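Here is what each chain is made of, one letter per residue.
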Amino acid sequence: MSKIIDQLSKWFSERPQRLQVAATRLLQQSELTDKDVSELVTLCQQEADGKLPQTICSFPATAFSQGVTGSLRLCSISEVEGVNALAPKKPLEFGKGNITVVYGNNGSGKSGYVRLLKHVCGARETGILHRNVYKPGAIEQKACISFEQDSVLKTHTWSGQGTCDDLNSVDIFDTSFGKVFVSSEDEVSYEPPVLSFFSSLILTCEKVASVLDSEANRHQSKKPNIPTDNKVTTGGIWYGAINAKTSIQDIDRHCVFGSADETEMQTLQQRLAEQDPAEKAKQLRKQKQHIDTLVQDAQKYLKQLSGENCQLIIAAKKKSILKKAAADTAAEKVFSGSELEGIGSDIWKELWEAARNYSVSAAYKEAEYPNITDGSRCVLCHQTLTQEAKDRLVSFENFVKGEIQKAAFDAAKEYETASQTIEALPTSEALKTRIDAAGIPQDEVAIQVTDFFAQLQARKDLLLEIGTEEAIPYPLLSPKWLEEANAQSKSIGELAAKYDEDAKSDNREDIKKKLNNLQARKWLSEHRTAIDEEVSRLKLLNQIQEAKKSTNTKALSQKKGDLAEALITDAFLQRFNAELKALGASQVKVELVKSKVSKGRVLHKLQLRGASQNGLADVLSEGENRIVSIAAFLADVTSKSNQAPFIFDDPISSLDQSYEEAVVQRLIELSQDKQVIVFTHRLSLLGTVRHFAEKKIIKYDVVSIRSADWGTGEPAPIPLSQSDIKTTLNTLMNQRYQDAKKASENGEFEYAEILLKSICSDFRTLVERSIENDLMCGVVQRFQRPVHTLKLKELAKLKDADCNFLDSLMTKYSGFEHSQPTESPVELPKPDDLLADMTSLKNWREEYVKRSA
């Protein structure tokens with residue numbers, strides 16, 4: 001076995017950390033709690049993420065070991081607290097005999113002591129050790145176990161946890177041993193402790209896997225369904241394939257959707273909806289032309305009203321004003337003697353120029369102006385010019401053609417030319433019409449266009465009022481709407497080209513495909529949060545699945561199968577068959593055979609020998625199943641080399657007298673080498689043990705426990721039916737009688753009456769037992785099957801006086817055992833009379849034993 005443990009230690013060191021921790025805990029407590037399973041789930045997830053620190057969970061060398069070699073005896077259990085309802089004031093002593101029977105009625109505390117020993121000794125199926133559920137408050141569990149190891153007295157104080165290494169070799173059989181049998185239709189399987197441990201470990205893995213499955217089921221997908229038309233798109237296909245490895249960058253790439261995408265999507269929708277793409281292209285080009293014209297005009301006016309051009313205009317204006325002023329001064333000197341006002345003024349000059357044009361073009365085409373030849377007339381009044389008039393006209397012409405006047409004229413012309421570089425701006429009504437034609441919606445952009453042209457007009461009007469360059473305002477900047485209009489013009493041009501393409505070819509399917517892709521991308525962008533949550537969920541599920549891989553039981557099942565080959569040997573099978581025979585179950589035609597390995601369970605079928613239809617569950621009685629269970633238990637534990645105690649809790653439950661005697665004889669046989677402790681509630685077991693122990697000359701002890709007001713497990717006197725008559729009679733006379741007498745003397749009459757009645761009842765039982773053991777020489781006794789015929793010869797010493805004596809005592813005291821009528825109750829004897837009767841029985845027994853037949 002030590003070699004197997006060494007191999008297991010190495011094998012487990014190569015297993016995942018989580019499995020090593022689970023194995024270590026199972027070895028410590030045999031059954032894991034929900035909290036343990038929850039912690040193992042966490043360890044699985046940490047190990048899957050690579051976050052579980054490397055720890056050493058070595059397989060203890062004492063696991064399933066046979067314990068220390070040499071002798072071992074349990075001596076007593078004391079100072080018990082917090083264990084079921086156990087509250088003994090005195091220790092439970094197991095005596096010095098090879099076999100000890102602990103007797104107690106139901107509810108006396110037997111099972112509590114057995115459960116306590118299972119926890120202290122580290123039994124495989126310890127179960128939960130509850131505190132007293134009827135007492136409030138949390139009492140700490142504790143007990144003191146006294147034992148002898150190789151004749152050295154030792155004690156172990158158990159504090160509610162852990163086991164005593166010195167006692168781990170103690171083997172305990174109780175009803176829970178039935179757990180090593182697994183019923184499945186017509187088969188029952190037995191597993192030795194090592195294999196049972198692997199079964200528990202496999203079950204633990206399955207529990208952890210189940211918790212992980214439940215955890216995964218709590219995270220159901222909330223992934224929305226993408227529209228049917230979008231499923232076959234690039235985005236839809238990607239959406240259908242997202243998994244735990246989908247990256248944030250990948251999500252960003254497929255879920256981005258901006259204003260340009262929205263515009264393109266609307267354009268594609270319009271293209272699909274258009275029935276005459278050629279006409280649509282024509283309309284778009286017209287719209288583009290209006291936009292371009294509006295932009296060009298705005299740029300033209302912006303240039304005409306630039307700071308540089310405005311400076312040129314103001315400079316020409318200033319020059320014209322100066323030149324005119326100089327000409328006016330010269331004219332005043334020339335025309336100072338004129339009889340009429342305004343000679344030389346601008347109006348006059350216009351008149352003069354008009355006269356010139358008339359003269360050279362109509363009146364005197366061949367003559368220079370003014371025509372002063374003989375007989376010439378005034379072109380205005382048509383009167384013949386006098387010499388004075390001719391001289392005046394010549395002086396006027398000389399003035400007009402003079403340098404000063406020419407400079408003034410040129411300056412005025414230059415100013416006029418400069419002013420004409422700023423063309424007339426459109427009226428507000430005309431501008432609105434052009435905005436509408438350009439397709440600019442009446443929104444903020446339209447307002448910007450209108451405001452811009454208003455600023456241009458205000459700037460132009462300002463030029464008429466100012467006279468210096470310093471008064472020119474800062475130039476207008478190129479407005480933002482121009483850039484937007486250019487972009488719109490470009491977009492419309494491209495769209496028109498696409499409509500031309502649409503008109504030339506049948507590309508509607510391509511347009512639909514592009515539109516669906518854009519719609520899918522828009523849908524993905526709108527459900528970005530749900531996509532992030534789904535990817536997070538898938539990553540969590542992937543983590544759970546990775547964690548669940550460590551719960552795979554394949555390696556455990558294979559290892560268990562290998563161990564089964566080594567542990568379930570022919571020798572074990574032979575021991576099982578031998579135990580069946582020793583227990584008187586030869587007629588139970590069962591055989592233990594290895595059947596298969598299924599899900600980590602190595603099945604050794606207990607099958608009916610030679611039967612092909614019905615299985616054990618259909619054929620064996622409850623008692624036969626019990627005897628088979630005991631045989632399997634003994635076949636396993638008797639292979640140990642140490643001399644550790646055996647503890648049996650009600651081993652004869654459900655057994656008839658034949659099986660009961662066979663079991664007792666087997667226990668007596670086991671007690672020759674090891675201490676055997678039997679807990680029972682059956683008086684028949686006490687008598688059977690005493691009979692076979694005396695027959696084998698084996699020292700035995702009987703210990704009784706009872707339930708008291710303060711709790712269970714309290715040591716008590718042995719039942720009268722099984723106690724020594726002489727010892728019990730002396731107790732009645734020397735102790736209990738004296739207590740009753742003292743109570744009477746103290747005036748405690750009711751208490752004294754209760755004590756006397758109890759003594760009378762017990763005395764009657766002793767008389768009855770004296771008839772069986774003394775008068776009848778023990779030929780036939782209750783709770784014992786054998787009839788001792790060899791003792792019949794001793795009946796020859798029997799006399800009538802003996803019968804009459806015992807009959808009188810039986811008659812006198814039977815009333816205290818039987819029900820009494822209320823109208824005529826049996827009166828208690830006086831204390832002195834009771835003492836006299838007990839003394840007479842004692843004397844009679846002593847004389848009768850010495851009497852010769």
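Numbering of residues starts from 1 in each chain and follows the order in which that chain's sequence is written. It should be noted that, the model being predicted, local features are given only for residues of pLDDT at least 70 and side-chain atom pairs only at 80 or more, the latter also being counted only at that level, while totals for whole chains, interfaces and linings use all residues. Where side-chain values are given, they derive from all heavy atoms of the structure, hydrogens and water being excluded.

As for the overall build of the chain
At step 1: Every helix listed is a DSSP run of H or I at least four residues long, and every strand listed is a run of E at least two residues long, numbered separately from the N terminus. Across its full length, the chain holds 28 helices and 14 strands.
At step 2: Summary of the burial criterion: residues with accessible area below 20% of their type's maximum are buried, those above 50% are exposed, and those between are partly exposed, where the area comes from a 1.4 Å probe applied to protein chains only. For the chain, buried positions account for 44% of its 853 residues.
At step 3: Partitioning the intrachain contacts of the chain with sequence separation of at least 6 by distance along the chain shows that 75% fall at a separation of at least 24.
At step 4: Just so you have it, the chain exposes about 46000 Å², and 50% of that area is on carbon and sulfur atoms. The contact criterion used is simple: two residues touch if any of their non-hydrogen atoms lie within 4.5 Å. Only the protein chains shown count as cover for residues, with accessible areas throughout obtained via the Shrake-Rupley method and a probe of 1.4 Å.

Topic: the packing of aromatic side chains
Between two aromatic rings, the relevant description is the distance of the centres plus the angle of the planes.
At step 1: Side-chain rings of Phe, Tyr and Trp, where Trp is taken by its six-membered ring, are said to pair if the distance between their centres is within 6.5 Å; with planes under 30 degrees apart they count as stacked, over 60 as edge-to-face, and otherwise as tilted. Scanning all chains against the criterion turns up 15 aromatic pairs.
At step 2: Note on Phe173 and Phe648: the rings are 6.1 Å apart at their centroids and 45 degrees apart in plane angle, and the pair reads as tilted. Of this pair, Phe173 sits in strand β6 (residues 171–173) while Phe648 is found in strand β11 (residues 646–649), placing the two residues 475 residues apart along the sequence.
At step 3: The class for Phe173 is buried, based on a relative accessible area of 1%.
At step 4: A centroid spacing of 5.1 Å and a plane angle of 65 degrees characterise the contact between Trp352 and Tyr369, whose relative ring orientation is edge-to-face.

Quick notes on helix α2 (residues 17–29)
At step 1: To estimate the expected span of a helix, subtract one from its residue number and multiply by 1.5 Å. Here α2 spans 19 Å end to end across 13 residues, near enough to the 18 Å set by a 1.5 Å rise per residue.
At step 2: By the burial criterion, the buried members of α2 are Gln17, Arg18, Leu19, Gln20, Val21, Ala22, Ala23 and Leu26.

Details of the sheet that holds strand β12 (residues 676–680)
At step 1: DSSP calls a pair of strands paired once it identifies at least 2 bridges connecting them. As summarised here, the arrangement of the six strands in space is β6-β11-β12-β3-β13-β14, forming an open sheet in which the pairing is mixed. Because the sheet does not close on itself, it has two edges, and the strands there are β6 and β14 (711–716). Across the sheet, the mean angle separating the axes of adjacent strands is 20 degrees when strand polarity is ignored.
At step 2: Sheet topology note: the strand β3 (residues 99–103)/β12 ladder contains five bridges and is parallel. Paired with Val101 across the two strands is Val678, which belongs to β12.
At step 3: In this analysis an axis means a line fitted to C-alpha atoms, helices contributing only their contacting stretch, and an angle means the value between N-to-C directions, from 0 to 180 degrees. Running over the sheet, helix α4 (residues 110–121) touches β3, β6, β11, β12, β13 (700–708) and β14 and is turned about 140 degrees from β12.
At step 4: Sitting on the sheet, helix α22 (residues 622–637) is in contact with β6 and β11, with an inclination near 175 degrees to β6.

Looking at the sheet that holds strand β4 (residues 142–149)
Paired through backbone hydrogen bonds, the strands of a sheet run either parallel or antiparallel to each other.
At step 1: Here we have four strands laid out as an open sheet, ordered β2-β1-β4-β5, and antiparallel in their pairing. With partners counted over all chains shown, the strands left at the sheet margins are β2 (92–93) and β5 (152–158), one partner each.
At step 2: Note: β4 against β5, seven bridges, orientation antiparallel. Residue pairing for β5: Gln149 is matched across the bridge by Val152.
At step 3: Here α4 sits on the sheet in contact with β1 (72–81), β2, β4 and β5, set at roughly 110 degrees to β1.

Notes on the environment of Gln738
At step 1: Checked against the element boundaries, Gln738 lands in helix α25 (residues 725–745).
At step 2: Along the primary structure Gln738 and Leu835 are separated by 97 residues, whereas in three dimensions their C-alpha atoms are 9.8 Å apart.

Comments concerning the side chain of Lys674
At step 1: Note on placement: Lys674 falls in the loop between α23 (657–670) and β12.
At step 2: Although Lys674 is buried, it makes no salt bridge; Asp171 carries the closest opposite charge, 5.8 Å away.
At step 3: Residues in contact with Lys674, not counting those within four places in the same chain, are Asn98, Val637, Lys640, Asn642, Gln643, Ala644 and Phe646. When charges are counted, Lys and Arg contribute as positive and Asp and Glu as negative, whereas His and the chain ends are disregarded. Salt bridges, as used here, are contacts in which a Lys or Arg side-chain nitrogen is within 4 Å of a carboxyl oxygen on Asp or Glu.

Observations concerning the pairing of β4
At step 1: With six of eight residues buried, β4 lies mostly within the body of the structure.
At step 2: Linking β4 back to β5 in an antiparallel pair, the connection comprises two residues, with Asp150 at a positive phi of about 50 degrees.

Some remarks on the packing of helix α27 (residues 800–813) against helix α28 (residues 831–850)
At step 1: Put simply, α27 and α28 touch, their axes get as near as 12 Å, and they point 150 degrees apart. For the element pair α27 / α28, the angle class is roughly antiparallel. Between α27 and α28 the crossing geometry is left-handed. Here Asp802, Phe805, Leu806, Leu809, Lys812 and Tyr813 of α27 come into contact with α28, specifically with Asp833, Leu834, Asp837, Ser840, Leu841, Trp844 and Tyr848.
At step 2: Polarity classes work like this: nonpolar for Ala, Val, Leu, Ile, Met, Phe, Trp, Tyr, Cys and Pro, charged for Asp, Glu, Lys and Arg, and polar for all others, with Gly in that last group. Here the contact of α27 with α28 is built from residues that sort into eight nonpolar, one polar and four charged. An angle counts as roughly parallel when it lies under 35 degrees, as roughly antiparallel when it exceeds 145, as roughly perpendicular when it falls between 65 and 115, and as oblique in every other case. Crossing handedness is defined as follows: a turn of the near helix away from the far one that is anticlockwise and smaller than a right angle gives a left-handed crossing, while the clockwise case is right-handed.

Let's talk about the environment of Val41
At step 1: For Val41, the location among the structural elements is in helix α3 (residues 34–48).
At step 2: Note: C-alpha distance between Val41 and Thr551 (510 residues apart in sequence) is 9.5 Å.

A closer look at a negative patch on the surface
At step 1: Among the surface-exposed residues, Asp443, Glu444, Glu483 and Glu484 lie close enough to one another that they form a single negatively charged patch.
At step 2: Mapping Glu483 onto the fold places it in helix α16 (residues 480–504). Patch criteria: residues need more than 30% relative accessible area and no salt bridge. Like-charged residues are merged within 9 Å; nonpolar side chains of Val, Leu, Ile, Met, Phe, Trp and Tyr are merged within 5 Å. In plain terms, the charge of a residue is placed at NZ if it is Lys, CZ if Arg, CG if Asp and CD if Glu.

Structural notes on the pattern of salt bridges
At step 1: Scanning the model with the defined rule gives 34 salt bridges in all.
At step 2: Measuring nitrogen to oxygen at the nearest pair gives 3.3 Å for the salt bridge that ties Arg356 to Glu353. Taken as a pair, Arg356 and Glu353 lie in helix α11 (residues 346–363) at a separation of three residues, close to a single helical turn.
At step 3: Here Glu353 falls in the partly exposed class, since its relative accessible area comes to 33%.
At step 4: Residue Arg666 pairs with Glu669 through a salt bridge whose shortest N-O separation is 3.7 Å. With Arg666 and Glu669 both in helix α23 and three residues apart, this pair spans about one turn of that helix.
At step 5: On the basis of relative accessible area, Glu669 is assigned to the partly exposed category, the value being 45%.

Notes on unusual backbone geometry
At step 1: With an omega dihedral of -5 degrees, the bond running from Tyr369 to Pro370 counts as a cis peptide bond.
At step 2: With phi around 45 degrees, Asp650 is a residue other than glycine that occupies positive phi space.
At step 3: Within the secondary structure, Asp650 sits in the loop between β11 and α23.
At step 4: Residue classification places Asp650 among the buried residues on the basis of a relative accessible area of 16%.

A few points about helix α8 (residues 259–273)
Every α-helix carries 3.6 residues per turn, so stepping three or four residues along brings you back to the same face.
At step 1: Between its first and last C-alpha, α8 extends 21 Å over 15 residues, near the 21 Å set by a 1.5 Å rise per residue.
At step 2: Listed as buried for α8 are Asp261, Met265, Thr267, Leu268, Arg271 and Leu272. The buried residues of α8 all sit within an arc of 160 degrees when viewed along its axis, so they share a single face. Exposed positions of α8 whose direction lies more than 90 degrees from the buried face are Ser259 and Ala273. The arc under discussion is defined with respect to the helix axis, by the directions toward the C-beta atoms.

Quick look at the confidence of the model for the chain
At step 1: Within a predicted model, pLDDT stands for the predictor's per-residue confidence, ranging from 0 to 100. Residues with a pLDDT of 70 or more make up 88% of the chain, whose mean pLDDT is 82.
At step 2: Per-residue pLDDT stays below 50 along residues 179–189; that stretch engages in 28 contacts with residues further than four places along the chain or on separate chains.

Structural notes on the pairing of β13
At step 1: Where β3 and β13 come together, five bridges link them in parallel fashion. Looking across to β13, one finds that Ile99 is bridged to Tyr700.
At step 2: Linkage of β13 to β14, two consecutive antiparallel strands, is achieved through a turn of two residues.

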